[in-house]
Amino acid sequence: MTTDFNRFDLQPQLVQTIDDLGYAAPTPIQSTVIPAMLAGQDVIGQSQTGSGKTAAFSLPILHNLKSGRRHVQSLVVAPTRELAIQVADAMHTYGRQIGVRVLAVYGGQPYNLQISRLKKGVDVVVGTPGRLLDLIRKNVLKLDQAATVVLDEADEMLSMGFIADIEAILDQTSSSRQTALFSATLPQRILRLAAKYMN
């Protein structure tokens, strides 16, 4: 394996998958975010679409997963159904050799499917704020043991009016969680959210 991703000390299966996918060198955001997240730090990444941010947060999350756990270990909050599906697919692809269980949850999809998957146990939940809150209120999505929470495209979620929902979701998680926030722009309201919920 002659990939520059070796230097991050990721699990060999992850490095192999990255190699198989043809990723040779990490993008700038991957070079910065992966080591910071592996070190357990909270991260704010200012990034445009196509900068490789999904791999930047997915690889550390997958590296830290404990197999065979019943609880949700990581949560990714995304503004739209399309992005939730895209991120879940990417995480599934990156984690295929380690057998990661990823579930995308979003509105417009039957609850019973999502609820039965959650009851069976999933490692990573990727979802839109409204559906995540619905599942929390139904008492089927428990986030108190989630080690990492990622807010993806936070400025989009702000412009769509989701900030109160995000705060309600974050309030369900442990204060010891790791938080990563990604946004193309960093308006004041996003910085206030970061100041309140991030170390």
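As shown above, the structure is provided for reference.
Because the structure is predicted, anything quoted here is derived from the model rather than measured.

The rules we used
Residues numbered from 1 in each chain as written. Predicted model: local features only at pLDDT ≥ 70, side-chain atom pairs only at ≥ 80, totals over all residues. Heavy atoms only, no water. Buried < 20%, exposed > 50% of the residue type's maximum accessible area, 1.4 Å probe, protein only. Helix = DSSP H or I, 4+ residues; strand = E, 2+ residues; numbered from the N terminus. Pairing = 2+ DSSP bridges. Axes fitted to C-alpha atoms, helices over the stretch in contact; angles between N-to-C directions. Contact = heavy atoms within 4.5 Å. Polar contact = N/O pair within 3.5 Å; in protein donor to acceptor, adjacent residues only side chain to side chain. Phe/Tyr/Trp six-rings, centres within 6.5 Å; stacked < 30°, edge-to-face > 60°. Lys NZ or Arg CZ within 6 Å of the ring centre and 35° of its normal.

Draft legend 1. Representation of the pairing of strand β5 (residues 148-151) within the structure. On β5, burial covers both faces: Thr148 and Val150 on one face and Val149 and Leu151 on the other are all buried. The pairing of strand β2 (residues 74-77) with β5 spans four bridges and is classified as parallel. From the neighbouring strand, Val76 faces β5, where its bridge partner is Val150. When β5 meets strand β6 (residues 178-183), the two strands line up parallel, connected through four bridges.

Draft legend 2. How the structure looks around the sheet that holds strand β1 (residues 43-46). Within the open sheet, the six strands sit side by side as β1-β6-β5-β2-β4-β3. Their pairing is parallel. Taken across any chain shown, the strands that pair with only one partner, and hence form the sheet edges, are β1 and β3 (102-105). Put simply, the sheet's adjacent strands are angled 15° from each other on average, direction ignored. This element, helix α5 (residues 111-120), spans β3 and β4 (124-127) of the sheet and lies at about 150° to β3.

Draft legend 3. Spotlight on the environment of Val102. Within the element layout of this structure, Val102 appears in strand β3. Among the residues examined, Val102 registers a relative accessible area of 12% and is labelled buried. The spatial distance from the C-alpha of Val102 to the C-alpha of Ala195 is 29 Å, given a sequence separation of 93 residues. Apart from residues no more than four positions distant in its own chain, Val102 is found in contact with Ala88, Met91, His92, Arg117, Val124 and Val126.

Draft legend 4. Region of interest: the side chain of Asp152. For Asp152, the position within the fold is in the loop between β5 and α7 (154-159). Taking the relative accessible area as the measure of exposure, Asp152 reaches 0% and is therefore buried. At 3.0 Å, the side chain of Asp152 and the side chain of Lys53 are in polar contact. Here Asp152 is in contact with Lys53, Phe57, Val76, Val77, Ala78, Pro79, Leu83, Val87, Met157 and Phe182, once residues within four sequence places are set aside.

Draft legend 5. Just helix α2 (residues 28-38), in detail. All of the buried residues along α2 are Ile29, Gln30, Val33, Ile34, Ala36 and Met37. Contacts made by the buried residues of α2 are with β1, α3 (53-64), β5 and β6. At the exit of α2 stands Gly40, carrying a positive phi of roughly 85°.

Draft legend 6. View of the packing of aromatic side chains. Inspection of every chain in the model, using the stated rule, returns four aromatic pairs. With a centroid separation of 6.4 Å and an interplanar angle of 45°, the aromatic rings of Phe5 and Tyr23 are classed as tilted. One end of the pair, Phe5, is in the segment before α1 (12-20); the other, Tyr23, is in the loop between α1 and α2, and 18 residues separate them in sequence. Here Phe5 falls in the buried class, since its relative accessible area comes to 0%. Note on Tyr23 and Tyr94: the rings are 6.1 Å apart at their centroids and 75° apart in plane angle, and the pair reads as edge-to-face. Placement of the pair is Tyr23 in the loop between α1 and α2 and Tyr94 in helix α4 (residues 81-94), with a sequence separation of 71 residues. You can call Tyr94 buried: its relative accessible area is 8%. Among the aromatic residues, those joined into a cluster by ring pairs are Phe5, Phe8, Tyr23 and Tyr94. In this structure, Arg131 is placed above the aromatic ring of Tyr111, and the distance from its NZ or CZ to the ring centre is 3.8 Å. It is Lys138 that lies over the ring of Tyr111; its NZ or CZ is 4.5 Å from the centre.

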